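Single-letter residue listing:
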Amino acid sequence: MTNPVGQDAGDVLSVDVAVIGAGPAGLSAALNLVRARRTVLLVDANRPRNAATLRSHGFVTRDGISPLELRKLGRVEVESYPEATVVQSVVDRVAREADGWSVHGALRGAELRARARAVVIATGLREEFPPLPSLRAFYGTSVHSCVECDGYEHAGQSLAFLCETADVVDRALLVRSWTDDLVVYTNGAAVLDDRGRTRLSAAGVAVDERPVADLEGGRDGLTGVRLSDGDVRPHTGAFVRPLWHADLDWLDAPVERDDEGLVLVDRLGRTGVPGLYAVGDVTPPGPEQLIVAAGHGASTAAAVHRDLVGGLEDLRDAVE
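Residues numbered from 1 in each chain as written. Predicted model: local features only at pLDDT ≥ 70, side-chain atom pairs only at ≥ 80, totals over all residues. Heavy atoms only, no water.

Undergrad: Explain the overall build of the chain residue by residue, including any values.
TA: Per the secondary structure count, the chain includes eight helices and 18 strands. Relative to the 2.2 N^0.38 estimate, which gives 20 Å for 320 residues, the radius of gyration of the chain is 22 Å and therefore close to what a compact globule would have. Dimensions of the chain, computed from C-alpha atoms along their principal axes, come out at roughly 60 × 40 × 35 Å. In the chain, which comprises 320 residues, the proportion classed as buried is 49%. Contacts in the chain between residues far apart in sequence, at least 24 positions, make up 60% of those at least 6 positions apart. Of the roughly 15000 Å² of accessible surface on the chain, a fraction of 49% belongs to carbon and sulfur atoms. Where the 33 positive side-chain charges of the chain centre and where its 47 negative ones centre are 3 Å apart. (Helix = DSSP H or I, 4+ residues; strand = E, 2+ residues; numbered from the N terminus. Rg over C-alpha atoms; globule rule 2.2 N^0.38 Å. Buried < 20%, exposed > 50% of the residue type's maximum accessible area, 1.4 Å probe, protein only. Contact = heavy atoms within 4.5 Å. Areas by Shrake-Rupley, 256 points an atom, 1.4 Å probe, with all protein chains shown as cover. Lys, Arg positive; Asp, Glu negative; His and termini not counted. Charge placed at Lys NZ, Arg CZ, Asp CG, Glu CD.)

Quick look at the structure:
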């Protein structure tokens, strides 16, 4: 059942599991949970991180599909089960209650109120890009953030890699496996030491540590990187390393997070807080291919179902 506009005043929906986020991880978790005959509330704000991406790759039987179409197909599959309730809403609070979890959200004045025995966080990440004026115009066509997802389409081209973080060398060497013509741009950030420069040079990767002014190109795509001193270096494709943020201010629970703010979980998505799970990009190592996220969603769904069978209350007592 789909309910994009909220509930009647006073209604509180009661379900076994609330899944927050309807990317591949959340959709897969929800699908497998309803097939386990669990009542599921799937909540999504419809603000996917990959909204600008025209094609997704590496998902068997769906290679080249639009990420938005993949999400749409997944929602249709989940909605076909009577155990599912799919709601478009922006969740603003999830908190523990004596008998489970309360979920609250709102969208365009409509309110969502629900109770769940368990909650699966699948909200993904927010990307922060270098402040280059034209980057967004090329993102999803000539510029990408996932080389495993989009490297094939740019194989053998003259590529730029924009990175201002300490993992620049390892990520640049990964991009290098798709092309022999790669320049790393650090945009003036002091993220390379002599050892890193030596590793990149040995791999045939050029480095330019000058500040970057913008990207250049037109309707046909990227044509180059313009440096702050006016120099323009030609490229037909680029990869960028964003900063990723896990926005979880709405979660009222003592989850453990790593240095990058990602939610720490065991191999099946358990957070350590009884009844609370996390899956997908919001967990280490962060952004992953869609098919990997979907697989993790299925594994976490199995863990949630088994924990509910075993009794979350018993698990909670043991932890407390």
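Having put the structure on the table, let's press on.
Undergrad: Lay out the pairing of strand 4 (residues 90-97) with the relevant residues and their values.
TA: Relative to strand 5 (residues 100-107), strand 4 runs antiparallel, the two being bridged by seven bridges. Following the sheet pairing, Val91 is matched in strand 5 by Gly105. The turn joining strand 4 and strand 5, which pair antiparallel and follow one another in sequence, is formed by two residues. In this structure, strand 4 lies alongside strand 17 (residues 251-252), joined through two bridges in parallel fashion. Note on strand 17: the bridge partner recorded for Val94 is Leu251. (Pairing = 2+ DSSP bridges.)

Undergrad: Provide a residue-level description of the sheet that holds strand 11 (residues 206-208), including the pertinent values.
TA: Read across the sheet, five strands follow the order 8-15-9-10-11 without closing on themselves; strand pairing throughout is parallel. Pairing within the sheet leaves two strands with one partner each, and these edge strands are strand 8 (143-144) and strand 11. By the bridge criterion, two bridges tie strand 8 to strand 15 (residues 237-240) in an arrangement that is parallel. Bridging from a neighbouring strand, Val143 pairs with Ala238 of strand 15.

Undergrad: I'd like a rundown of the environment of Phe129, residues and numbers included.
TA: Of note, Phe129 is situated in the loop between strand 7 (126-128) and helix 3 (135-138). C-alpha of Phe129 to C-alpha of Ser89: the two residues are 40 residues apart in sequence and 26 Å apart in space. Those residues in contact with Phe129 that lie beyond four places of it in its chain are Leu135, Arg136, Tyr139, Val240 and Pro242.

Undergrad: Can you break down the state of the cysteines residue by residue, with the values?
TA: In total, this model carries one disulfide according to the counting rule given. Disulfide pairing is shown between Cys146 and Cys149; the S-S distance is 2.3 Å. Because the torsion about its S-S bond is 70°, the bridge between Cys146 and Cys149 counts as right-handed. Of the two residues examined, Cys146 and Cys149, each falls in the buried class. Sulfur of Cys163: no disulfide; nearest cysteine sulfur belongs to Cys146 and is 14 Å away. Judged by relative accessible area, Cys163 falls into the buried class, the value being 1%. (Disulfide = S-S within 2.5 Å.)

Undergrad: I'd like a rundown of a nonpolar patch on the surface, residues and numbers included.
TA: A surface patch of nonpolar side chains, amounting to about 220 Å² of accessible area, comprises Val60, Ile291 and Val292. Note that Val60 resides in the loop between strand 2 (40-44) and helix 2 (67-79). (Patch = residues over 30% accessible without salt bridge, like charges linked within 9 Å, V, L, I, M, F, W, Y side chains within 5 Å. Salt bridge = Lys/Arg side-chain N within 4 Å of Asp/Glu carboxyl O.)

Undergrad: Would you mind going over the pattern of salt bridges in detail, with residue names and values included?
TA: All told, the structure shown has 19 salt bridges when counted by the stated rule. With a closest N to O distance of 3.2 Å, Arg93 and Asp252 form a salt bridge. Of this pair, Arg93 sits in strand 4 while Asp252 sits in strand 17, and the two are 159 residues apart along the sequence. Asp252 sits in the partly exposed class, given a relative accessible area of 43%. Salt-bridge contacts for Glu216 lead to Arg226; the nearest nitrogen and oxygen are separated by 2.9 Å. Of this pair, Glu216 sits in strand 12 (residues 212-218) while Arg226 is found in strand 13 (residues 221-227), placing the two residues 10 residues apart along the sequence.

Undergrad: Give a detailed account of the packing of helix 1 (residues 24-35) against helix 2, specifying residues and quantitative values.
TA: Relative to each other, helix 1 and helix 2 sit at 15°, their axes nearing to 9 Å. Here helix 1 is positioned roughly parallel relative to helix 2, judged by the angle of their axes. Our pair here, helix 1 against helix 2, has a crossing hand that is left-handed. Contacts between helix 1 and helix 2 involve Leu27, Ala30 and Leu31 from the former and Arg71, Gly74, Arg75, Glu77 and Val78 from the latter. For the contact of helix 1 with helix 2, the class distribution of residues is four nonpolar, one polar and three charged. (Axes fitted to C-alpha atoms, helices over the stretch in contact; angles between N-to-C directions. Parallel < 35°, antiparallel > 145°, perpendicular 65-115°, else oblique. Left-handed = near helix turned anticlockwise from the far one by under 90°. Nonpolar A, V, L, I, M, F, W, Y, C, P; charged D, E, K, R; others polar.)

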